[in-house]
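Commentary on secondary and tertiary structure
For reference, the chains in residue letters:
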Amino acid sequence: MGAAILPDLGTEILIPVCAVIGIAFALFQWLLVSKVKLSAVRDASPNAAAKNGYNDYLIEEEEGINDHNVVVKCAEIQNAISEGATSFLFTEYKYVGIFMVAFAILIFLFLGSVEGFSTSPQACSYDKTKTCKPALATAIFSTVSFLLGGVTSLVSGFLGMKIATYANARTTLEARKGVGKAFITAFRSGAVMGFLLAANGLLVLYIAINLFKIYYGDDWGGLFEAITGYGLGGSSMALFGRVGGGIYTKAADVGADLVGKVERNIPEDDPRNPAVIADNVGDNVGDIAGMGSDLFGSYAESSCAALVVASISSFGLNHELTAMLYPLIVSSVGILVCLLTTLFATDFFEIKAVKEIEPALKKQLVISTVLMTIGVAVVSFVALPTSFTIFNFGVQKDVKSWQLFLCVAVGLWAGLIIGFVTEYYTSNAYSPVQDVADSCRTGAATNVIFGLALGYKSVIIPIFAIAISIFVSFTLAAMYGIAVAALGMLSTIATGLAIDAYGPISDNAGGIAEMAGMSHRIRERTDALDAAGNTTAAIGKGFAIGSAALVSLALFGAFVSRASITTVDVLTPKVFIGLIVGAMLPYWFSAMTMKSVGSAALKMVEEVRRQFNTIPGLMEGTAKPDYATCVKISTDASIKEMIPPGALVMLTPLVVGILFGVETLSGVLAGSLVSGVQIAISASNTGGAWDNAKKYIEAGASEHARSLGPKGSDCHKAAVIGDTIGDPLKDTSGPSLNILIKLMAVESLVFAPFFATHGGLLFKIF
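Rules used throughout
Each chain has its residues counted from 1, following the order in which its sequence is written. The predicted nature of this model means local features are confined to residues of pLDDT at least 70 and side-chain atom pairs, given and counted, to a pLDDT of 80 or more, with totals for whole chains, interfaces and linings taken over all residues. Note that water and hydrogens are dropped before the side-chain values are worked out from all heavy atoms of the structure. UniProt positions are given in the numbering used here, feature names are shortened, and annotations may be inferred rather than shown by experiment. Each helix is a run of DSSP H or I of at least 4 residues and each strand a run of E of at least 2, with the numbering of both proceeding from the N terminus. The quantity called the radius of gyration is restricted to C-alpha atoms. Its globule counterpart is 2.2 Å times the number of residues to the power 0.38. Working definition: with a 1.4 Å probe on protein chains only, accessible area under 20% of the residue-type maximum means buried, over 50% means exposed, and in between means partly exposed. Pairs of residues are marked as contacts when any of their non-hydrogen atoms sit within 4.5 Å. Geometry is summarised by axes, namely lines fitted to C-alpha atoms with helices restricted to the contacting stretch, and by angles between N-to-C directions that run from 0 to 180 degrees. Just so you know how the angles are binned, under 35 degrees is roughly parallel, over 145 roughly antiparallel, 65 to 115 roughly perpendicular, and the rest oblique. Handedness of a helix crossing follows the sense of rotation of the near helix relative to the far helix, less than a right angle counterclockwise being left-handed and clockwise being right-handed. By the convention adopted, Pro, Cys, Tyr, Trp, Phe, Met, Ile, Leu, Val and Ala count as nonpolar, Lys, Arg, Asp and Glu as charged, and the other residues, Gly among them, as polar. Strand pairing requires that DSSP identify at least two bridges connecting the strands. Salt bridges are defined by distance alone: a side-chain nitrogen of Lys or Arg within 4 Å of a carboxyl oxygen of Asp or Glu. In summary, the pairing rule links any two rings of Phe, Tyr or Trp, Trp by its six-membered ring, whose centres are within 6.5 Å, and it sorts them by plane angle into stacked for under 30 degrees, edge-to-face for over 60 and tilted for everything else. Here, a charge over a ring means that NZ of Lys or CZ of Arg falls within 6 Å of the ring centre while also lying within 35 degrees of the ring normal.

Within an unreviewed UniProt entry, the label attached to the chain reads H(+)-exporting diphosphatase, and the organism entered is Vigna radiata var. radiata. Reading the Subcellular location (unreviewed entry) entry of the UniProt record for the chain gives the comment "Endomembrane system".

Quick look at the structure:
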């Protein structure tokens, strides 16, 4: 079989060192962003770097309007956004914290009851002749890892939100020096979030494994079974973060757009609009905090799925630590690769014009993928034996190290393909979005028809990419291959999150420029940053959905193994009823989240109309709107409305597992995976296309675009209506669906021993 070249001590040093490097790099990027002062004083130092517009004179200086009040106004707006976002997250986390404690108790009671809370050693699942730690130990350690995952997820979201709200006004002020400088500030801020999340997730998981190992000793099967709670904790918090944040942001956005842009014909981020602060707060709590928790959940689950399967393969049975921790080594190298990739955007290349922004972000994806492929090849060579066995539904499959490299690589490149296809269908630089914009000539109805058709069509290539990844990785290394393929797709998570977080930061920067009354030229620059960010946000969602499909399939395989199911036969009535109900769940979930956005937006529209109608001088700009009431409406609605969709996802596996058993539950998981991926991709891309079609008309950058405008024209109003419909699709329902399919799978995996022992009550009775 051979042994890995990298010694165990090398592994134990490599993983935490890479994590610490990631955290240090994030803090360094934050330090660079913090050098942008919220003051009107310009750095006239002769040593200031000339690159990326550092030495450009401020536009206001050129135009003679370098008013200190504008800068003070930017600082005030940033504080209002930061306070609103922090207040919402603390309110949300208070409710989520109560749920976390209650669910932790449930995990302990369910898993502890498998063996009647016995403290006696039990026969090992992989070898009945050996004894392993009691089920009660699994219950205790699964509960602890669940709480660890939940807290790490919440911290990831909160840190991301804080850096985003810290950087938005700074990006606005840097736009006075040139688009290159503003781009760097926004991107560096996104990188802080990306590296903190990737490094913290890796470090906490590594520490948890080492602490658990003190008790478990040689029982690696039990150890990594308990670690699965880490993924469950991460995803359950992400669900509430995504749904709650998504409802918040879209209630504010829809309310602001419908009254402000359509009825009152004022710009998107006009300070006269009462919902404008709530809208900017929503960008941070939904797209930053929610996305951070979501991708952390994907990372935690793919790692846990790979570790569970590996623990009952030759890696675990022979106690090969380096090979066992291969998923964590891949993630460690990913941090180093992303660090080098980030320098290409901030130091090696110079952004001189608006048209260079989107290509610079796309280069990040390509460079990180190419470098990561080389990194994975090296890691696979040094960290794996030349040949080994992988557990495959009751038998051990012989696998070579190069085959595992191919599994990671196929996931990595499938992610890039999904990213580029998403960009093609959501960027206004290409014909699909331009066709949607053109359809606005004949009104909102044709815009909606074209947008829906685009979304459905955009599913085709990503699904083929996912299908090929599944086939190749399963053929080469069974379910472990699929788990590491998902990990491959997420191995460049730091770069992916940097690109994703860049979007909302740029969006906020544009809003602050508008509210602070800065010049039109500044707004043009921030709009260009925002348009590129819209596309990259869609790419981020594509990555999240694609990885969710692979992660949930890997978790499904681990669940089937742990529940001792040899085959899942769809012709069996028990399985088929689960399959058809599971396929329905994403529709039910989407209906709940979209209606929640509609209900919250209705209250917001009524409040914005009330203020315009009752506050004298508001439309003229002589009176100030009541921003706080709109923030409160979004907060209250999102907290209230996030509970029913969250309960649907969390309770379904428990109800099905207890009442109908593991076979029906396997059908539910398969059905929700198959339909959920399709709906998530089409919803995200449809919404992204409608948004960029509107921006295409507003920018008027081409002859065709100018023929559809200007702002306020019938064509533009039709585009705004399409964008408003797409908002809950792309920022609430679509992104939340990938958490649904992952969360139900990981929850089923954690509770598998209980379902296998006590589940299927209805079938036992009848």
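Side note on the overall build of the chain
Each helix and strand counted, the chain has 24 helices and four strands in total. The globule rule puts the C-alpha radius of gyration for 766 residues at 27 Å, and the 26 Å found for the chain is close to it. Along the first, second and third principal axes, the C-alpha set of the chain runs to 85 × 60 × 40 Å. Of all 766 residues assigned to the chain, the portion counted as buried reaches 64%. For the chain, the share of sequence-separated contacts (at least 6 apart) that also reach a separation of at least 24 residues comes to 85%.

Considering the packing of helix H17 (residues 520–562) against helix H23 (residues 714–758)
Packing of H17 against H23 brings their axes to within 8 Å, and their N-to-C directions diverge by 15°. Comparing the axis directions of H17 and H23 gives the class roughly parallel. In the packing of H17 onto H23, the handedness of the crossing is left-handed. Among the residues forming the contact of H17 with H23, the class breakdown is 16 nonpolar, three polar and five charged.

Some words on the environment of Thr567
Here Thr567 lies in the loop between H17 and helix H18 (573–614). Sequence spacing of Thr567 and Leu27 is 540 residues, and the spatial spacing of their C-alpha atoms is 49 Å.

Quick notes on the pairing of strand E3 (residues 387–392)
E3 sits mainly inside the fold: six of its six residues count as buried. Alternating residues of E3 divide into Ser387, Thr389 and Phe391 and Phe388, Ile390 and Asn392, and every residue in both groups is buried. Across six bridges, the pairing between E3 and strand E4 (residues 395–400) is antiparallel. Within E4, the residue paired with Thr389 across the bridge is Asp398. With antiparallel pairing between neighbouring strands as the criterion, E3 and E4 make up a hairpin whose turn holds two residues, including Phe393 at a positive phi of roughly 50°.

A closer look at the pattern of salt bridges
Summed over all chains, the structure comprises 26 salt bridges. Ionic pairing is found between Asp723 and Lys694, a salt bridge with its closest N-O pair at 2.9 Å. Here the residue Asp723 occupies a position in helix H23, and Lys694 occupies one in helix H21 (residues 662–699), the gap between them amounting to 29 residues. Judged on exposure class, the residue Asp723 and its partner Lys694 are both buried. In this structure, Asp731 and Lys730 form a salt bridge, with 2.7 Å as the shortest nitrogen-oxygen distance. A single burial state applies to Asp731 and to Lys730, both of which are buried. Three or more residues joined by partner-sharing salt bridges are found here, namely Lys250, Asp253, Asp530, Asp691, Lys694, Lys695, Asp723, Asp727, Lys730 and Asp731.

Some points on the packing of aromatic side chains
By the definition in use, this model includes 27 aromatic pairs. Where Phe141 meets Tyr215, the ring centres are 5.2 Å apart and the plane angle is 25°; that geometry is what we call stacked. Of this pair, Phe141 sits in helix H4 (residues 135–174) while Tyr215 sits in helix H5 (residues 179–216), placing them 74 residues apart in sequence. Classification of Phe141 as buried rests on a relative accessible area of 18%. The exposure class of Tyr215 is partly exposed, given its relative accessible area of 35%. A ring pair is formed by Phe183 and Phe187, whose centres lie 5.9 Å apart and whose planes are at 15°; its orientation type is stacked. Of this pair, Phe183 and Phe187 both sit in helix H5, four residues apart, which is roughly one turn of the helix. Taken together through their ring pairs, the aromatic side chains of Phe99, Phe103, Phe110, Phe146, Phe240, Phe751, Phe754 and Phe755 make up a single cluster. Positioned above the aromatic ring of Tyr215, the side-chain terminus of Lys133 is 4.9 Å from the ring centre.

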